[in-house]
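# Observations on the model geometry
Chain by chain, the residues run as shown.
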Amino acid sequence: SDVLEMTREIRERHKGRKIVAGIDVCQRLSGGALKLAAFEKLLTDYCDSGSNVVLIQKSLRPRARLEDEETTSKDLTAMVEDLNGRFSRADGEFPVQYDEVSGMSLKERLALYLAADVFLLTSIREGLNLMPLEYIYARKSLPHACALPELFLVS
C-alpha cells in the first residue's frame, strides 16, 4: 500500500506527462551526462517546449569515489539547470526533476518504476546492474506490459 500511494503521488505530480525515470550512481561512467544530452535532443526535436515529458533522475551518492562523485554532481547539476531554464513549462514545472540521494529503498524504487512510462539507463561501463530487471519485473502484471520470457520470472 505504501508503494501504491507513492506511485499515485508521482503520477499526480506529473499528470498528463510521460515519465522517463533514471537511477544511476553519480559517477562519470554511469552515463548521466549522456542521458541528459539525449533528453535534451528529445526536448529539442520532438517536444513542445518539454510540456509533455519529464525525466525523474535519481543520482545515488554512496560516497565510494568522492572526487568522481563531486565532479559528476557539478556537471550534472549544471546540465539540469540549463535544461530546466530553457524548457520550463508556462506553469513553472521543469522537464527534469533531479535529486541526489545517498540511497533508495526498494519501496522508493518500486514506486518510481510503477509510475514511469520508460526506464532509461545510459551506463558507459558498469558491472551487473539489476535495476532494468527490477523495472521489468515490477511492471510485469500491468495490463500494457509485454510478456516476459520464463527465464526472468524467478520465484
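Definitions and limits used
- Residues numbered from 1 in each chain as written.
- Predicted model: local features only at pLDDT ≥ 70, side-chain atom pairs only at ≥ 80, totals over all residues.
- Heavy atoms only, no water.
- Pairing = 2+ DSSP bridges.
- Helix = DSSP H or I, 4+ residues; strand = E, 2+ residues; numbered from the N terminus.
- Core = buried A, V, L, I, M, F, W, Y, C linked by side-chain atoms within 4.5 Å.
- Buried < 20%, exposed > 50% of the residue type's maximum accessible area, 1.4 Å probe, protein only.
- Contact = heavy atoms within 4.5 Å.
- 1 Å grid on protein atoms, 1.4 Å probe; cavity = no way out; pocket = protein on both sides within 12 Å on 5 of 7 lines; lining within 4 Å.
- Points joined across faces, edges and corners; volume = space filled by probe spheres on them.
- Nonpolar A, V, L, I, M, F, W, Y, C, P; charged D, E, K, R; others polar.

## Some words on the sheet that holds strand S1 (residues 18-25)
Taken together, the 4 strands give an open sheet; going across it, the order is S3-S2-S1-S4, and neighbouring strands pair in parallel fashion. Edge strands, defined here as strands with exactly one partner in the open sheet, are strand S3 (96-101) and strand S4 (118-119). Inspection of the sheet shows S1 paired to S4 by 2 bridges, in the parallel sense. Each residue of the ladder has a partner; that of Ala-21, found in S4, is Phe-119.

## A closer look at the nonpolar core
Within the largest apolar cluster, 18 residues are counted, with the highest numbers of intra-cluster contacts made by Ile-10, Ile-19, Ile-23, Leu-112, Tyr-113, Phe-119 and Met-131. Leave out the neighbours within four places in its chain, and Leu-112 touches Ile-10, Ala-21, Ile-23, Ile-56, Lys-58 and Met-104. Counting residues in each nonpolar core, the second largest holds 14 residues, with Cys-26, Phe-39, Leu-76 and Tyr-98 among its members.

## Overview of the layout of surface pockets
Looking at the largest pocket, its volume works out to about 210 Å³. Lining the largest pocket are 13 residues, with Ile-10, Lys-58, Met-104, Glu-108 and Leu-112 positioned closest to its centre. For the lining of the largest pocket, the elements supplying multiple residues, two or more each, are helix H1 (2-13), strand S2 (53-60), S3 and helix H4 (106-115). Of all the elements, H1 adds the most residues to the lining of the largest pocket, at 4 residues. Within the lining of the largest pocket, the residues separate by chemical class into 7 nonpolar, 2 polar and 4 charged.

## Description of the environment of Leu-114
Summarising the element assignment, Leu-114 is placed in helix H4. As a C-alpha pair, Leu-114 and Arg-139 span 25 residues in sequence and 6.3 Å in three-dimensional space.

## Some thoughts on the environment of Asp-117
As for its position among the elements, Asp-117 is in the loop between H4 and S4. Looking at Asp-117, the relative accessible area reads 30%, which means it is partly exposed. Through-space distance from the C-alpha of Asp-117 to that of Cys-47 is 16 Å; in sequence the pair is 70 residues apart.

## Regarding unusual backbone geometry
One non-glycine residue, Arg-63, adopts positive backbone phi at about 65 degrees. Locating Arg-63 in the fold gives a position in the loop between S2 and helix H3 (66-87).

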